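Chains, contacts and geometry: an overview
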Amino acid sequence: MNVWIAIIGTAVGCYVVKLAGLLVPAGALERPLVRKLAALLPVALLAALTAQQTFADGQTLVLDARAAGVAAAAVALVLRAPFLLVVAAAVVVAAGVRALGG
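Reference entry: report on the structure contained in this document. (Residues numbered from 1 in each chain as written. Predicted model: local features only at pLDDT ≥ 70, side-chain atom pairs only at ≥ 80, totals over all residues. Heavy atoms only, no water.)

1. Focus: the pattern of salt bridges
Applying the stated rule across the entire model yields two salt bridges. Measuring nitrogen to oxygen at the nearest pair gives 3.3 Å for the salt bridge that ties R35 to E30. (Salt bridge = Lys/Arg side-chain N within 4 Å of Asp/Glu carboxyl O.)

2. A few points about unusual backbone geometry
Excluding glycine, most residues fall at negative phi; most peptide bonds, likewise, are trans. Not every positive phi belongs to a glycine, and R80 is a case in point at roughly 60 degrees. In this fold, R80 is placed in the loop between α4 (65-78) and α5 (83-99). (Helix = DSSP H or I, 4+ residues; strand = E, 2+ residues; numbered from the N terminus.)

3. Some remarks on the environment of V12
Relative to the helices and strands, V12 is located in helix α1 (residues 2-23). Taking the C-alpha atoms as reference points, V12 and L63, separated by 51 residues in sequence, lie 40 Å from one another.

4. As for the packing of α4 against α5
Across the interface, α4 lies against α5 with an axial gap of 8 Å and an inter-helix angle of 150 degrees. With respect to α5, the axis of α4 lies roughly antiparallel. The handedness of the crossing between α4 and α5 is right-handed. Residues A65, R66, A68, G69, A72, A73, A76 and L77 of α4 pack against V86, A89, A90, V93, A94, V97 and R98 of α5. For the contact of α4 with α5, the residue count by class is 12 nonpolar, one polar and two charged. (Axes fitted to C-alpha atoms, helices over the stretch in contact; angles between N-to-C directions. Parallel < 35°, antiparallel > 145°, perpendicular 65-115°, else oblique. Left-handed = near helix turned anticlockwise from the far one by under 90°. Contact = heavy atoms within 4.5 Å. Nonpolar A, V, L, I, M, F, W, Y, C, P; charged D, E, K, R; others polar.)

5. Notes on the environment of A89
Tracing the backbone shows A89 in helix α5. On the basis of relative accessible area, A89 is assigned to the partly exposed category, the value being 24%. For A89 and K36, which are 53 residues apart along the polypeptide, the C-alpha to C-alpha distance reads 32 Å. Non-local contacts of A89, meaning those with residues more than four positions away in its chain, are made with A72 and A76. (Buried < 20%, exposed > 50% of the residue type's maximum accessible area, 1.4 Å probe, protein only.)

As structure tokens, this is what we get:
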């Protein structure tokens, strides 16, 4: 029974958030500050998700092959490598560290 209450509550919450977004006046969305924040928000959320998935394991902080892969990707990005090369560098370095026992 508690699961159904959670499902219904989530559905109602999603509907209310969607409705609130539709009720915002168009003039408020055209302000420069709102447009700038809307452009930066996905980047911030993706960075937070990447950090959480890379450096956390439950309630503990870990440094393992995932961190080495992200570091390799960061170096490739600084060197302005193409996206596929950035991903390949991260994969190769993470696999190498795991193969070496890290």
